Amino acid sequence: MDARTALIEALRWQLFWGADEAIAEAAVDRFAAPSLPASAAPASPVRALLPMDRTIPAPQARAVAIAAAAGTLDQLRQALAAFDGCPLSETATNLVFNDGNPETGLMLIGEAPGAEEDRLGKPFVGPSGQLLDRMLASIGFARDRYLITNVLPWRPPGNRSPTDAEVAVCLPFLHRQIALVRPRLVLLLGGLAAKALLGGNAGITRVRGVWRAVEVPGVEGPIPMLATYHPAYLLRSPGAKRQAWADLIALRRKWDSLH
Ligand code: URA
């Protein structure tokens, strides 16, 4: 590989991983001897490879534009399936978009697909989904009475925790999905969903069980959202089911008050 091809490949690799902005004219080697005076700094090899009149949009900016162009859930699903700005799509088997009924006014948002969800292309079909189904059935909500989705539509390899960059690039699609569904109530499952929609850094133990009025881009007026424990956590810590149960009762009461 010649030097130019190697540079292009290096640039491609950086773009793939989300580097979208050069913060200096040249890479800084912090291990090297004292820096050159500005006038002697070498020209950026990256800049030399790019057409001067073209800026590369950040994956997140592309995500916002692509998501905004989707006028229906079906178009949004297709846009996500074609989106190459999140590296998780490379390692996942299937896109996991949503399941259930988008017409009821109730939306549930989890974290990311696991192995079973990735295999079947459907959210919450594995062990935590089965627990969730039982919990929701106990307050009268079968799956055809809500729409369920995740912050991330692709499984992180080995079920590792999603990175902030992965969440950031997928969030515009989730916002758009919420804007298209226009739910009257949203239940957030677990800390990642709570953080992504409510903002802030407080953990799920602090934020669960309290209704919040949440502004979502593209939606007029705030949407009431309630965070609770993720069912996968409840499988590991059955002692927390008592609080989750209280949260579900609060959900049902609020739902009834709207009807
Ligand atoms: N956990 C989630 O957060 N989502 C799924 O779809 C499955 C497990």
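About the thresholds
- Here the residue numbers are simple positions, counted from 1 along each chain's written sequence.
- Only residues with pLDDT of at least 70 are given local features in this predicted model, and only at 80 or more are side-chain atom pairs given and counted; all residues enter the totals for whole chains, interfaces and linings.
- Side-chain metrics rest on all non-hydrogen atoms present in the structure, leaving aside hydrogens and water.
- Any residue with a heavy atom positioned within 4 Å of a molecule or strand is treated as near that molecule or strand.
- Residues adjacent in sequence count toward polar contacts only when both atoms are side-chain atoms; beyond that, a polar contact is any pair of N or O atoms within 3.5 Å, and within protein one must be able to donate a hydrogen and the other to accept it.
- In this description, accessible areas are obtained by the Shrake-Rupley approach with a 1.4 Å probe, and a residue is regarded as covered only by the protein chains that are shown.
- Here a cavity denotes grid points, spaced 1 Å and computed from the protein atoms alone, that fit a 1.4 Å probe unable to get out, and a pocket denotes an open set having protein on both sides within 12 Å along at least 5 of 7 lines; residues with an atom within 4 Å of a point are the lining.
- Molecules are considered to sit inside a cavity or pocket once more than half of their atoms lie within 2 Å of its grid points.
- Each residue is assigned to one class: nonpolar for Ala, Val, Leu, Ile, Met, Phe, Trp, Tyr, Cys and Pro, charged for Asp, Glu, Lys and Arg, and polar for all the others, Gly among them.
- The axes are straight lines fitted to the C-alpha atoms, using for helices just the contacting stretch, and the angles between their N-to-C directions are given from 0 to 180°.
- For the purposes of this entry, the term helix denotes a DSSP run of H or I that reaches at least four residues, the term strand denotes a run of E that reaches at least two, and both are numbered from the N terminus.
- Put simply, angles under 35 degrees are roughly parallel, angles over 145 are roughly antiparallel, angles from 65 to 115 are roughly perpendicular, and the rest are oblique.
- Contacts are residue-level and defined by heavy atoms, with any inter-residue pair within 4.5 Å sufficient.
- Just to be clear on terms, a salt bridge is a Lys or Arg side-chain nitrogen sitting within 4 Å of an Asp or Glu carboxyl oxygen.
- Here the term buried applies to any residue with accessible area under 20% of the maximum for its type, exposed to any over 50%, and partly exposed to those in between, with areas from a 1.4 Å probe on protein chains only.
- Our arc is simply the arc of the directions from the helix axis toward the C-beta atoms.
- Whether two aromatic rings pair depends on their centres lying within 6.5 Å, for rings of Phe, Tyr and Trp, where Trp uses its six-membered ring; planes under 30 degrees apart make the pair stacked, over 60 edge-to-face, and the rest tilted.
- In this scheme, the term charge over a ring applies when either NZ of a lysine or CZ of an arginine sits within 6 Å of the ring centre and within 35 degrees of the ring normal.

A look at the site of the ligand
Every residue lining the ligand is accounted for by G110, E111, A112, P113, G114, E117, P123, F124, S128, N150 and H230. N150 has a polar side-chain atom sitting 2.7 Å from a nitrogen atom of the ligand. Contacts to the ligand include H230, whose side-chain N or O atom sits 2.7 Å from an oxygen atom. Contact with the protein chains removes 93% of the 240 Å² of surface that the ligand exposes when unbound. Given that more than half its atoms are within 2 Å of the pocket grid, the ligand belongs to the second largest pocket. When grouped by side-chain class, the residues that make up the shell around the ligand number four nonpolar, five polar and two charged.

What to know about the packing of helix α4 (residues 73-82) against helix α8 (residues 164-181)
The description of two helices packed together rests on the angle between their axes and the distance between the axes. Taken N-terminus to C-terminus, the directions of α4 and α8 make an angle of 170°; their axes are 10 Å apart at the nearest point. Comparing the axis directions of α4 and α8 gives the class roughly antiparallel. Of α8, the residues touching α4 (which contributes L73, L76 and L80) are F173, R176, Q177, L180 and V181. Classifying every residue of the contact of α4 with α8 by side-chain character gives six nonpolar, one polar and one charged.

Here's the deal with the pattern of salt bridges
Throughout the structure, instances matching the rule amount to seven salt bridges. The partner of D84 in a salt bridge is R62, and the shortest N-O contact between them spans 3.0 Å. Separated by 22 residues along the polypeptide, D84 in the loop between α4 and α5 (88-91) and R62 in helix α3 (residues 59-68) bring together distant segments of the chain. Overall, the relative accessible area of 48% leaves D84 in the partly exposed class. D99 serves as the salt-bridge partner of R143, at 2.9 Å between the closest nitrogen and oxygen. With a gap of 44 residues between them, R143 in the loop between α7 (127-137) and β3 (147-150) and D99 in strand β1 (residues 98-100) connect regions that are remote in the sequence. Residue R143 shares its accessibility class with D99, and that shared class is buried. Put simply, D99, D133 and R143 are held in one network by salt bridges that share partners.

Some thoughts on α7
Among all positions of α7, only S128, G129, L131, L132, M135 and L136 are buried. The arc that holds the buried residues of α7, viewed along the axis, is 160°, so those residues lie on one side. Exposed residues lying more than 90 degrees from the buried face of α7 are P127 and R134. Among the structural elements, β2 (106-110), β3, β4 (185-189), α11 (231-236) and α12 (241-257) are those in contact with the buried residues of α7.

Observations concerning the packing of aromatic side chains
On inspection of all chains with the given rule, the structure shows three aromatic pairs. Measuring from centroid to centroid gives 5.7 Å for F141 and W255, while their planes differ by 90°, and the two rings are edge-to-face. Separated by 114 residues along the polypeptide, F141 in the loop between α7 and β3 and W255 in helix α12 bring together distant segments of the chain. On the basis of relative accessible area, F141 is assigned to the buried category, the value being 1%. The ring centre of W211 lies 5.1 Å from the NZ or CZ of K254, which sits over that ring.

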